[in-house]
Amino acid sequence: MDKEKTLFIAIFGTLFGALGILAVPVFLLLGCNLIDYFTGIAAAKYREEKVSSYKGIRGIIKKVCMWLLIAVGWVLDVLLQYATMTMGLALNLPFIVATVVAVWLICNEIISILENMIDMDVDVPPFLMPLVHMIKQQTQEKIETKEENSNE
């Protein structure tokens, strides 16, 4: 049992160390991906549409593309860090772009999970959907504000 514990701690310690600020959003997105996929399958029984392998594969491809968006954000982060180093600026830019992309995707996943639950006639607290939309909107506004400031 101690070997398994040590291995578990070593793996997650290494992942958290490598990902830094991006670790929590990555693990949250992974959990949301799984919950959304399974609630989507469960909700399909309550909808007019039928579950099919084609739709299932489309859903999986969509999830893979979400992870590719985070990879693109990571590439942009590395590029920004390289550019600032090349210019002689000593800026430590952690995974800012990738983290914002991950937070935005998590909001989308939570909205989808809530919609799936609503379709299954689960009583969802009325404040949840507006709260998630507000977080998503604030994330979007932060991005737009930073974009406007960099264009000036």
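Below is a short write-up of the structure.

1. Some remarks on the overall build of the protein
(1) Moving on: What the protein contains, in helices and strands, is five helices and zero strands.
(2) Moving on: For the protein, the sequential pattern of α-helices and β-strands runs α-α-α-α-α.
(3) Moving on: The C-alpha atoms of the protein give 19 Å as radius of gyration, which overshoots the globular expectation for 152 residues (15 Å, by more than 25%).
(4) Moving on: Considering only C-alpha atoms, the protein reaches an extent of 60 × 55 × 30 Å along its principal axes.
(5) Moving on: Buried residues in the protein amount to 25% of all 152 residues.
(6) Moving on: Carbon and sulfur atoms make up 70% of the accessible area of the protein, which totals about 10800 Å².
(7) Moving on: One way to put it: in the protein the 12 positive side-chain charges average out to a point 8 Å from where the 16 negative ones average out.

2. Brief notes about the layout of surface pockets
Gaps left between atoms are located by rolling a probe of water-molecule size over the structure's atoms.
(1) Moving on: By volume, the largest pocket is sized at about 540 Å³.
(2) Moving on: Residue lining of the largest pocket: 19 residues in total, with Gly 40, Arg 47, Glu 49, Lys 55 and Gly 59 positioned closest to the centre.
(3) Moving on: Residue assignment for the lining of the largest pocket shows that the elements contributing at least two residues are α2 (23-44), α3 (53-86) and α4 (96-119).
(4) Moving on: If one sorts the elements of the lining of the largest pocket by residue count, α3 sits on top with six residues.

3. Details of a nonpolar patch on the surface
(1) Moving on: The grouping of Leu 7, Ile 11, Leu 15, Phe 16, Val 24 and Leu 28 at the surface amounts to a nonpolar patch, some 530 Å² of accessible area in total.
(2) Moving on: Mapped onto the nonpolar patch, the elements with two or more residues apiece are α1 (2-19) and α2.
(3) Moving on: When residues of the nonpolar patch are assigned to their parent elements, the largest contribution, four residues, is made by α1.
(4) Moving on: Position of Leu 15 among the secondary structure elements: in helix α1.
(5) Moving on: By relative accessible area, which is 35% here, Leu 15 ends up partly exposed.

4. Considerations on the nonpolar core
(1) Moving on: Among the nonpolar cores identified, the biggest contains 12 residues, and these are Leu 22, Val 26, Leu 29, Cys 32, Met 66, Ile 70, Phe 95, Ala 98, Ala 102, Leu 105, Ile 106 and Ile 113.
(2) Moving on: Mapped onto this core, the elements with two or more residues apiece are α2, α3 and α4.
(3) Moving on: Excluding residues that lie within four positions of it along the chain, Ala 98 makes contacts with Leu 22, Ile 70, Gly 73, Trp 74 and Asp 77.
(4) Moving on: Grouped together as the second largest cluster of nonpolar side chains are five residues, Cys 107, Ile 111, Leu 114 and Val 132 included.

5. Points about α1
Each full turn of the α-helix corresponds to 3.6 residues, which orients residues three or four apart in the same direction.
(1) Moving on: Its 18 residues place the ends of α1 25 Å apart at the C-alpha level, agreeing with the 26 Å of an ideal helix rising 1.5 Å per residue.
(2) Moving on: Taking burial as the measure, the 18 residues of α1 include zero buried ones, a minor fraction of the element.
(3) Moving on: The first or second residue beyond α1 is Gly 20, which carries a positive phi of 60°.

Cut-off values and rules
- Residues numbered from 1 in each chain as written.
- Predicted model: local features only at pLDDT ≥ 70, side-chain atom pairs only at ≥ 80, totals over all residues.
- Heavy atoms only, no water.
- Helix = DSSP H or I, 4+ residues; strand = E, 2+ residues; numbered from the N terminus.
- Rg over C-alpha atoms; globule rule 2.2 N^0.38 Å.
- Buried < 20%, exposed > 50% of the residue type's maximum accessible area, 1.4 Å probe, protein only.
- Areas by Shrake-Rupley, 256 points an atom, 1.4 Å probe, with all protein chains shown as cover.
- Lys, Arg positive; Asp, Glu negative; His and termini not counted.
- Charge placed at Lys NZ, Arg CZ, Asp CG, Glu CD.
- 1 Å grid on protein atoms, 1.4 Å probe; cavity = no way out; pocket = protein on both sides within 12 Å on 5 of 7 lines; lining within 4 Å.
- Points joined across faces, edges and corners; volume = space filled by probe spheres on them.
- Patch = residues over 30% accessible without salt bridge, like charges linked within 9 Å, V, L, I, M, F, W, Y side chains within 5 Å.
- Salt bridge = Lys/Arg side-chain N within 4 Å of Asp/Glu carboxyl O.
- Core = buried A, V, L, I, M, F, W, Y, C linked by side-chain atoms within 4.5 Å.
- Contact = heavy atoms within 4.5 Å.
- Expected span 1.5 Å × (residues − 1).

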